[in-house]
Amino acid sequence: MAKYSIDQYRQVVRMLGFRGDYSAIDTFFKCPKHSDRRPSLAVNFEKGIFQCFQCGYAGTISTLAWDRCNKTIDHLLGLKNDDKKILDFCKSNEDTTILESERVDLSKVHFDVRGILVPFEESKEALAYIKERHLAFEILKSVNATYSGSAMINNINFSNRLIIPIYEHTGQIVNYEGRDTTFKSPRKCVYPKGAIKPLFEHYKLDHSKPIFVFEGLLKVLGARSDPYFANSTTSMGTSISSYQLEQLKPFKKIVICPDNDAAGKVLIKRIKDNLSATSSISVLRISDMNIKDIDEIPKKTGLTVAKYREQGGFYEDISF
């Protein structure tokens, strides 16, 4: 599928000024599209693709080169005189979907779990993290959350992480989200290689009721402490895939609950552009702009999510 070699893709990304570890096939860099304190731009040198798990910026390395310096890979590497190609280059012709077709083939999803995953309530580290994040035990139990002090899943390090399995409608585990419990890792959230990202628990939700869409998994778990948000899900990032959009189609009332930052605009635009013809779409925001997302509410206000909502802490944004 990739047009260039691994070394050629590495060379191009270096030339574009990205600093980081170039020894691995999959690696992370700071995203150029938003203020990125922790590297969140995932780049795969074998497939020539990238995706930011914070703001949703995604595409091929060819797209990245064009965005950064208005040059093609051929031009950067001096492979040939491609002035005409530069003039004719159209990003809309590039495949900016990261292996969408592969992500929906459940038969290809397999996990090699090495290490011991224990119930989260048996780990002091997990309990301290849960207390700090104000997460409810019963909510975490309902999603079969576990913890590991030392684990690898498909060669990705899941050590010292709260681990939440992601299921599809068949009951098959198709992903794991691993959240850093030390607050020290540069990658606060990791996923295994070869996993897919369905719309979280879409098959359990009521199509006749409004569905609340959050940007992250822990935000959903925090929101579900309030029964008002029981019918909720997440795209696990501001970027929402075509696969997830298909799973969102049966819901006639969609309420997007973005973070109070610029990255949330990506999620709103993608849902609006693709589903406004078939669904009623609205945006529900936290009124206090000093509160970035729903899981900050208990820590910053001392209130539960339910109490905060009942006191008028959310408003419908009609400006989108």
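Remember, predicted model here, so these are calculated numbers, not experimental data.

A.B. asks: Outline the sheet that holds strand β11 (residues 173-180), supporting the account with residue identities and numerical values.
C.D. replies: Spatially, five strands are ordered β6-β7-β10-β11-β12 in an open sheet, and the strand pairing comes out antiparallel. A strand with exactly one partner marks an edge of an open sheet, and here the two such strands are β6 (118-119) and β12 (189-190). With three bridges connecting them, strand β7 (residues 146-148) and strand β10 (residues 161-167) associate as antiparallel partners. Residue pairing for β10: serine 148 is matched across the bridge by arginine 161. Strands β7, β10 and β11 of the sheet are contacted by helix α6 (residues 124-133), whose axis makes an angle of about 80 degrees with β11.

A.B. asks: Give a description of the packing of aromatic side chains that names residues and reports values.
C.D. replies: If you walk through the whole model with that rule in mind, you get 17 aromatic pairs. Here the aromatic rings of phenylalanine 120 and phenylalanine 137 are separated by 5.4 Å at their centres, their planes lie at 85 degrees, and the arrangement is edge-to-face. Placement of phenylalanine 120 in the loop between β6 and α6 and of phenylalanine 137 in helix α7 (residues 137-142) is noted, with a sequence separation of 17 residues between them. An aromatic cluster is built from Phe212, Phe214, Tyr228, Phe229, Tyr308 and Phe314, whose rings are joined through pairwise contacts. Sitting over the face of the ring of tyrosine 22, arginine 14 holds its NZ or CZ atom 4.2 Å from the ring centroid.

A.B. asks: Run through the pairing of strand β16 (residues 280-286), naming residues and quoting values.
C.D. replies: Within β16, six of the seven residues are buried, which leaves it mostly tucked inside the rest of the structure. Where strand β15 (residues 253-257) and β16 come together, four bridges link them in parallel fashion. Directly across from lysine 253, in β16, lies its bridge partner serine 280. A crossover links β15 with its parallel partner β16, the connecting element being helix α10 (residues 264-275), and its sense is right-handed.

A.B. asks: Please set out the sheet that holds strand β2 (residues 41-44) residue by residue, giving values where relevant.
C.D. replies: Where strands meet in a sheet, backbone hydrogen bonds hold them as pairs that are either parallel or antiparallel. If you walk across this open sheet you meet the four strands as β1-β2-β3-β4, and the pairing is antiparallel. Here the strands that pair on one side only, and so sit at the sheet edges, are β1 (26-29) and β4 (58-60). Adjacent strand axes in the sheet meet at a mean angle of 20 degrees when their direction is disregarded. With three bridges joining them, strand β3 (residues 49-52) and β4 adopt antiparallel strand pairing. Opposite phenylalanine 50, over in β4, you have glycine 59 as the bridge partner. In this fold helix α2 (residues 61-69) packs onto β2, β3 and β4, with an angle of close to 105 degrees to the strand it touches most, β4.

A.B. asks: Could you give an account of the pattern of salt bridges, with specific residues and numbers?
C.D. replies: Opposite charge on two side chains allows them to pair when their charged atoms are near. In this structure the tally under the stated criterion is 18 salt bridges. Between aspartate 7 and arginine 10 there is a salt bridge whose closest N-O contact spans 3.4 Å. A residue pair is termed a helical-turn pair when its members lie 3 or 4 positions apart in one helix, as aspartate 7 and arginine 10 do in helix α1 (residues 6-15) at three residues. Through salt bridges with shared partners, a single network forms among Lys219, Asp259, Asp261, Lys292 and Asp293.

Calculation notes
Residues numbered from 1 in each chain as written. Predicted model: local features only at pLDDT ≥ 70, side-chain atom pairs only at ≥ 80, totals over all residues. Heavy atoms only, no water. Pairing = 2+ DSSP bridges. Helix = DSSP H or I, 4+ residues; strand = E, 2+ residues; numbered from the N terminus. Contact = heavy atoms within 4.5 Å. Axes fitted to C-alpha atoms, helices over the stretch in contact; angles between N-to-C directions. Phe/Tyr/Trp six-rings, centres within 6.5 Å; stacked < 30°, edge-to-face > 60°. Lys NZ or Arg CZ within 6 Å of the ring centre and 35° of its normal. Buried < 20%, exposed > 50% of the residue type's maximum accessible area, 1.4 Å probe, protein only. Right-handed = clockwise from strand over helix to strand, strands pointing away. Salt bridge = Lys/Arg side-chain N within 4 Å of Asp/Glu carboxyl O.

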